[in-house]
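What follows is each chain in one-letter form.
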Amino acid sequence: LLPRRPSDEERSRRFRSRSPRASSLSVAPSLDAREALLADFARLFWEAPDATPPAPPWAGRRAEHVKRFRERLVCQAESAAALDSDDEGLADKLVASCGSNPSKDIVVRWQRFTFFEDLARMSDVLFRGPVNPRHADDIDFRLHGAWRRLRSATPGLEEFAASLAARTADYRVSAVRVAMMLETERPPHAQLLDGGFMHPDARTLASLLSLRCEKDDVEELLEMYRLVCQRLEGCACAWCSKIFDESSSAGLFDGADALVFPATVPKIFVPQCGHAIHTLCFGSQIVPDRASGPRGLCRCCGLPYAWTSIDVDPMVNAFCLLFGPYVDRRAQEMAAVGEVSHAAVVGIAEACECFAMELGRLLSAASAWTLLSKRHDFAEPEVMELLGASVLRLLAPPEPGVESSLAARRLLLQSGTTVIGPEDRPDDGCGDGCNVEGSVCSGISEEEAEHRRHLTEVFLADSDSDPDPEPSPEF
């Protein structure tokens, strides 16, 4: 008897099961494969710049090589989360395989995604120069989309998060390892390049260390921050004009006691212009009442800070660590008196707005407040809910043709003016002292009650009044 000839569907299924894509997803990247990619990373970092004509860091032959390398990394990260028509029933298998422990398929996918995402985010430093702050928006969007797809295919992740983190730890890319590799493994041909290609500068090292992970040793991190200070030798802080030194500028602030999750904050930030600033000085800049100069511009050279996505998370942690205690104190004071302080609401909203402006709008003011309220450990959570609603109402985008509510409230507050709008009146009763339930009491008619629901009252301050200003936070 002759063997039965396989159908077209069976041949197609067999072809898919033996495809390189399917086999590559069945295993995590090996140590040799990871080392080879790290070697390519270093080779691109030391690749000579375009000779003629001189091209900016984001254009030219060298930049094109960097973009191709980064595209490879992003595609690999996306493939780890791919749940398309070629993977028939894969989503159902992954969901069904998630019990008390993650399945092998889930672990392998997270291992692949973890390594390629880390390396893709570090690839910004390969341009070796100032780049557009939003040049990698599409990359961030694709990586976040891949993370969401992989997360949705991993139900009950919270139950075995610790186990999954332990199995993916070896696949994290050590920022210290990459920084030391770029620092020490300088190829011979680099001696023929100009001075700018001698060693990684302070901006490059600081950017890499912003992506540090649990794989990085604390002592090694401190050594790298000392190296950042050495790169800044002789330079002064753009705000306080004090010289950077290892004793005061190299190291990390520990936010374990103030933040909801463990996080560390570097003592200095280095923008693309190279004029570094102490973290505490950056916190002083965002205080609304201080004349600190144009928002979002370096106070030394006047150029935009041009922070990128690499800088956002450590700067948000710094904002929460520095500004969180002030908000916590104000919330406790409000809890003691039993009412929300409108002056404090305006001050907090303005601080969030200033922080967003210093970041070049990479983050909205409302997002800054949301992250602060979630990351800091507050003593009065119930008051924080009321305070948060008031702050977000001020930070909401104004309607077309309408002045910003934050600017209007600040102007009225400074002049000692009081505004009572419909939202400030109780829903039941006609006002203070009314003991009658419902929207209408015996003292006013239905027509008057309807009129009051749409009435905003403005009470001007006396000419000799001197309202106490809202105290500014001290860092």
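Asks: Lay out the overall build of the chain with the relevant residues and their values.
Replies: Secondary structure summary: the chain contains 19 helices and 6 strands in total. In the form shown here, the chain has an accessible surface area of approximately 25,300 Å², with 54% of it arising from carbon and sulfur atoms.

Asks: Now, about the side chain of Thr-308: what can you tell me, with residues and values included?
Replies: Within the element layout of this structure, Thr-308 appears in the loop between α13 (279-285) and α14 (309-337). Ignoring any residue separated from it by four or fewer positions in sequence, one finds Thr-308 in contact with Asp-124, Val-131, Pro-133, Arg-203, Gln-272 and Leu-362.

Asks: Which residues make up the side chain of Arg-299, and what values do they have?
Replies: Considering the arrangement of structural elements, one finds Arg-299 in the loop between α13 and α14. Within the structure, the side chain of Arg-299 is placed 3.2 Å from the backbone oxygen of Pro-294, a separation counted as a polar contact. Separated by 2.6 Å, the side chains of Arg-299 and Glu-358 make a polar contact.

Asks: Can you tell me about the packing of aromatic side chains, naming the residues and giving the values?
Replies: With the rule as written, the count across this model stands at 12 aromatic pairs. Taking the centre distance of 5.4 Å and the plane angle of 90° together, the rings of Phe-45 and Trp-46 count as edge-to-face. Grouping aromatic residues by their ring pairs yields a cluster made of Phe-269, Phe-282, Tyr-305, Trp-307, Phe-319, Phe-323, Tyr-326 and Phe-355. When the ring centre of Trp-46 is taken as origin, the NZ or CZ atom of Arg-128, which lies over that ring, is 5.2 Å away. The aromatic ring of Phe-253 is capped on one face by Lys-267, whose charged end is 5.7 Å from the ring centroid.

Asks: With reference to specific residues and values, describe the nonpolar core.
Replies: The biggest cluster of nonpolar side chains holds 112 residues, and the ones touching the most others in it are Phe-41, Leu-119, Val-178, Val-327, Phe-355, Trp-369 and Leu-387. Leaving out residues up to four positions away in the same chain, Leu-119 has contacts with Leu-37, Leu-38, Phe-41, Phe-69, Leu-73 and Val-173.

Asks: Can you tell me about the packing of helix α3 (residues 31-45) against helix α4 (residues 60-80), naming the residues and giving the values?
Replies: Direction vectors running N to C along α3 and α4 enclose 160°, while the axes themselves pass 10 Å from each other. Judged on the interaxial angle alone, α4 and α3 are roughly antiparallel. Crossing angle aside, the handedness with which α3 passes α4 is left-handed. Of α4, the residues touching α3 (which contributes Leu-37, Asp-40, Phe-41, Leu-44 and Phe-45) are Arg-62, His-65, Val-66, Phe-69, Arg-72 and Leu-73. Looking at the contact of α3 with α4 residue by residue, the class counts come to 7 nonpolar, 1 polar and 3 charged.

Asks: Give a detailed account of the pattern of salt bridges, specifying residues and quantitative values.
Replies: One pass over the structure, following the stated rule, counts 20 salt bridges. Residues Glu-35 and Arg-177 are paired through a salt bridge, measuring 2.9 Å at the closest nitrogen-oxygen approach. Here Arg-177 lies in helix α9 (residues 175-184) and Glu-35 lies in helix α3, a separation of 142 residues in the sequence. Using a relative accessible area of 31% as the deciding quantity, one classes Glu-35 as partly exposed.

Asks: Got a sec to walk through the packing of α14 against helix α16 (residues 365-375)? Specific residues and values, please.
Replies: Orientation of α14 relative to α16, taken along the N-to-C sense of each, is 70°, at an axis distance of 9 Å. Taken together, the axes of α14 and α16 are roughly perpendicular relative to one another. Where α14 crosses over α16, the two elements pack in a sense that is right-handed. Touching Asp-313, Val-316, Asn-317, Phe-319, Cys-320, Phe-323, Gly-324 and Val-327 of α14 are Ala-368, Trp-369, Leu-371, Leu-372 and Arg-375, all from α16. Classifying every residue of the contact of α14 with α16 by side-chain character gives 9 nonpolar, 2 polar and 2 charged.

Asks: So what's going on with the confidence of the model for the chain? Residues and values would help.
Replies: Taken over all residues, the pLDDT of the chain has a mean of 79, while the share at 70 or more is 71%. Low pLDDT, under 50, characterises residues 14-23; the stretch is placed with 7 contacts to residues that sit more than four places away or in other chains. For residues 412-417, every residue scores under 50 in pLDDT, and the model assigns this stretch 12 contacts once sequence neighbours within four places are set aside.

Asks: Explain unusual backbone geometry to me, and be specific about the residues and the numbers.
Replies: Glycine aside, the phi torsion of most residues is negative, and most peptide linkages are trans. Positive phi outside glycine occurs at Ser-241, with the angle close to 65°. Here Ser-241 shows up in the loop between α11 (218-231) and α12 (246-249). Even without being a glycine, Arg-361 presents a positive backbone phi close to 65°. Inspection of the secondary structure assignment puts Arg-361 in the loop between α15 (342-358) and α16.

Asks: Talk me through the environment of Ala-120; I want residue IDs and the actual numbers.
Replies: The residue Ala-120 is located in helix α6 (residues 104-122) in this model. Between the C-alpha atoms of Ala-120 and Glu-71, which are 49 residues apart in sequence, the distance is 8.3 Å.

Asks: So what's going on with the state of the cysteines? Which residues, and what values?
Replies: One pass over the full model with this rule turns up 0 disulfides. Of all cysteine sulfurs in the structure, the one in Cys-240 sits closest to Cys-237, which takes part in no disulfide; the separation is 3.7 Å. A relative accessible area of 3% means that Cys-237 is categorised as buried. Of all cysteine sulfurs, the one in Cys-301 lies closest to Cys-298, which takes part in no disulfide; the gap is 3.8 Å.

Asks: Any details on the environment of Glu-358? Residues and values, ideally.
Replies: In this structure, Glu-358 sits in helix α15. Note on Glu-358: relative accessible area 1%, which makes it buried. Remark: the alpha-carbon pair of Glu-358 and Phe-282, spanning 76 residues in sequence, is separated by 9.1 Å. The contact partners of Glu-358, leaving out residues within four places of it in the chain, are Phe-282, Gln-285, Ile-286, Arg-295, Gly-296, Arg-299, Tyr-305 and Trp-307.

Asks: Could you give an account of the environment of Arg-61, naming the residues involved and the relevant values?
Replies: Mapped onto the elements, Arg-61 comes out in helix α4. Taking the relative accessible area as the measure of exposure, Arg-61 reaches 41% and is therefore partly exposed. Along the backbone, Arg-61 and Ala-48 are 13 residues apart, and their C-alpha atoms lie at a distance of 9.9 Å. Those residues in contact with Arg-61 that sit more than four places away from it in its chain are Glu-47, Ala-48, Pro-49 and Asp-50. At 2.8 Å, the side chain of Arg-61 and the side chain of Glu-47 are in polar contact.

Quick notes on the rules
Residues numbered from 1 in each chain as written. Predicted model: local features only at pLDDT ≥ 70, side-chain atom pairs only at ≥ 80, totals over all residues. Heavy atoms only, no water. Helix = DSSP H or I, 4+ residues; strand = E, 2+ residues; numbered from the N terminus. Areas by Shrake-Rupley, 256 points an atom, 1.4 Å probe, with all protein chains shown as cover. Contact = heavy atoms within 4.5 Å. Polar contact = N/O pair within 3.5 Å; in protein donor to acceptor, adjacent residues only side chain to side chain. Phe/Tyr/Trp six-rings, centres within 6.5 Å; stacked < 30°, edge-to-face > 60°. Lys NZ or Arg CZ within 6 Å of the ring centre and 35° of its normal. Core = buried A, V, L, I, M, F, W, Y, C linked by side-chain atoms within 4.5 Å. Buried < 20%, exposed > 50% of the residue type's maximum accessible area, 1.4 Å probe, protein only. Axes fitted to C-alpha atoms, helices over the stretch in contact; angles between N-to-C directions. Parallel < 35°, antiparallel > 145°, perpendicular 65-115°, else oblique. Left-handed = near helix turned anticlockwise from the far one by under 90°. Nonpolar A, V, L, I, M, F, W, Y, C, P; charged D, E, K, R; others polar. Salt bridge = Lys/Arg side-chain N within 4 Å of Asp/Glu carboxyl O. pLDDT = per-residue confidence, 0-100. Disulfide = S-S within 2.5 Å.

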